[in-house]
Amino acid sequence: MSSPRRPRPPDALAVRTVHIDDEVDLLAHLPETLTAAWVHHGQGLVAVGTAARLTARGPGRFAELSRAFREVAAGADVEDEARGRGSGLVALGSFSYADDSSRESSLVIPRAVLGVSDGEAFFTTIAPAGDALRPRNWRDVFSSTPRAPHTEATVEPDHTPREYQGLVAEAIARIRAGEAGKIVLSETSTAALSEPLVLPALVRALAEAYPTTWVYAVEDVVGASPEMLAQTDGGRVFSRVLAGTRPVADGGELAEDERRAFRSDAKELAEHAFARDSVTRALARVADGVEASPEPFVLRLPGLEHLASDVRATLPAGVTSLDVAAALHPSAAVSGTPREAADAVIARLEAHDRGGYAAPVGWMDAAGNGQWAIALRMAHRLDARTLRLQAGGGIVEGSDPVLEHAEALAKTRPVLSALRALSPRG
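Counting restarts for each chain, with residues numbered from 1 along the sequence as it is written. The model is predicted, so local features are restricted to residues of pLDDT at least 70 and side-chain atom pairs to those at 80 or more, both for listing and for counting; the totals for chains, interfaces and linings are taken over all residues. The side-chain values count all of the structure's non-hydrogen atoms but skip hydrogen atoms and water molecules.

**Q** Could you clarify how one ought to interpret helix α2 (residues 161-176) in this entry?
**A** In an α-helix, one turn spans 3.6 residues, which is why side chains three or four residues apart end up on the same side. Note on conventions: DSSP H or I runs of at least 4 residues are helices, E runs of at least 2 residues are strands, and numbering of each starts at the N terminus. In a helix, the anticipated span is given by 1.5 Å times the number of residues less one. Its 16 residues place the ends of α2 22 Å apart at the C-alpha level, agreeing with the 22 Å of an ideal helix rising 1.5 Å per residue. For the exposure calls, accessible area comes from a 1.4 Å probe over protein chains only, and a residue counts as buried if that area is under 20% of its type's maximum, exposed if over 50%, partly exposed in between. Taken together, the buried positions of α2 are occupied by Tyr164, Leu167, Val168, Ala171, Ile172, Arg174 and Ile175. Buried residues of α2 fall within an arc of 160° about the axis and therefore sit on the same side. In α2, the exposed positions angled more than 90 degrees off the buried face are occupied by Arg162 and Arg176. On its buried side, α2 packs onto β11 (182-193), α7 (339-349), β23 (386-395) and α8 (401-410). Following α2 by one or two positions, Gly178 has its phi on the positive side, about 90°. Of all possible arcs, the one meant is that of the directions from the helix axis to the C-beta atoms. We call two residues in contact whenever any of their non-hydrogen atoms come within 4.5 Å of each other.

What follows is the structure, encoded as structure tokens:
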């Protein structure tokens, strides 16, 4: 068997980051030419162009891309006067869920980045060394976010409710037979749009409606993830685990007695414990001093409430955010436990290769610091007018197929709501 082809690093890059004195509203500057975006509470990174694209497939994809990016960083000429989170050389990436996926995993180094970190704005340009065609003003590159024409979306699930509930029942049967303790099953739906998708407008709609999530658009995936897989900065790592869900009405929340029942529900606590423990065990292999929330707390999001645990640890020198993401992927929150057994059942029951769904999506800088969320509440862009939405939930022995189906539908709400918002403003 031939060895996998290593990503070829690009020619040496010249990277220049300047501080922007003005206050910058990232959501107002998502240009038509948008390549990638990463926004949380109005801060993050917006990118255009491609200075380099590194790709890999297979079980070694994380290590191959990490190594290739380190080679790029070692050869880059960087001037960074901002020195903020995400300034200087940066790559935005999307990985595929499965080792055998036909979809490429990639790190994209953009030509230009507009960023906001801790309220401070910066502008980065990246180009082959000696390239004289470098923009001087960030407004020349990051023009105003375009409006989208009124867009209708026709959504067709892959299964009828009865069919999907039957798949959940089969997963429960496999759990009762001892094949796994938890299986995370997902449903896919196809959204056909009446007009070509205006990606910047969709990103803006997601970020405005779900500001507490990490809104991303990288390669073919776009969504609003509530789950941070690996965030690193200065030797510290943070991960947020979500498992256990209650759908609520738009704009509503659980009543206090319902929330108390949620926090003490044996089925939800078992599902959450599988996910939290899988993260703490995996993180202990690459980090020191792992600490998790003593009890799960309730995280409230529009349309859903989750049981959540925060996990923190200290990183040894040389361990990057991507190394941590690789060690944690896939957690029991998106696969199940034992992982190999759960993934085998998922591959048999789900209609499609997961592609970028439930896999790491985010960014990393030259020092290895970065943020990698789990690509949830998402869609794949199949073409200009077609999206494939995907969402699911964790199944344990006590799961109810009807409720699991309702949860999967509720988790498609962010993208569907954002699509409905794609109409002229005012």
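**Q** For this particular structure, what's the right way to read the pairing of strand β8 (residues 112-117)?
**A** Working note: regular strand, side chains alternate between the two faces of the sheet. In terms of burial, β8 is largely enclosed, as six of its six residues are buried. Residues Ala112, Leu114 and Val116 of β8 are buried on one face, and the alternating residues Val113, Gly115 and Ser117, pointing to the opposite face, are buried as well. Relative to β8, strand β3 (residues 43-48) runs antiparallel, the two sharing five bridges. Directly across from Val46, in β8, lies its bridge partner Leu114. When DSSP finds two or more bridges between two strands, those strands count as paired. Between β8 and strand β9 (residues 120-128), which pair antiparallel in sequence order, lie two residues; one of them, Asp118, sits at a positive phi of approximately 50°.

**Q** What exactly am I supposed to notice about the packing of aromatic side chains here?
**A** The relative placement of two aromatic rings is captured by the distance of their centres and the angle of their planes. Within 6.5 Å between ring centres, the rings of Phe, Tyr and Trp (the latter by its six-membered ring) count as paired, and their orientation is classed by plane angle as stacked under 30 degrees, edge-to-face over 60, tilted in between. Tallied over the entire structure, the rule returns three aromatic pairs. Summarising the aromatic geometry, the rings of Phe62 and Phe95 are spaced 4.4 Å apart at their centres and angled 5° between planes, so their arrangement reads as stacked. Taken together, the residues span a long stretch of sequence, with Phe62 in helix α1 (residues 61-75) and Phe95 in the loop between β6 (90-94) and β7 (105-109) at a distance of 33 residues. Residue Phe95 is classed as buried on the basis of its relative accessible area of 0%. With 5.7 Å between their ring centres and 75° between their planes, Phe95 and Trp372 make a pair best called edge-to-face. A residue pair is termed long-range when its members are at least 10 positions apart, and Phe95 in the loop between β6 and β7 and Trp372 in strand β21 (residues 370-374) qualify at 277 residues. Accessibility classification places Phe95 together with Trp372 in one group, the buried group. Lysine NZ or arginine CZ positioned within 6 Å of the ring centre and within 35 degrees of the ring normal marks a charge as sitting over the ring. It is Arg354 that lies over the ring of Tyr97; its NZ or CZ is 4.7 Å from the centre.

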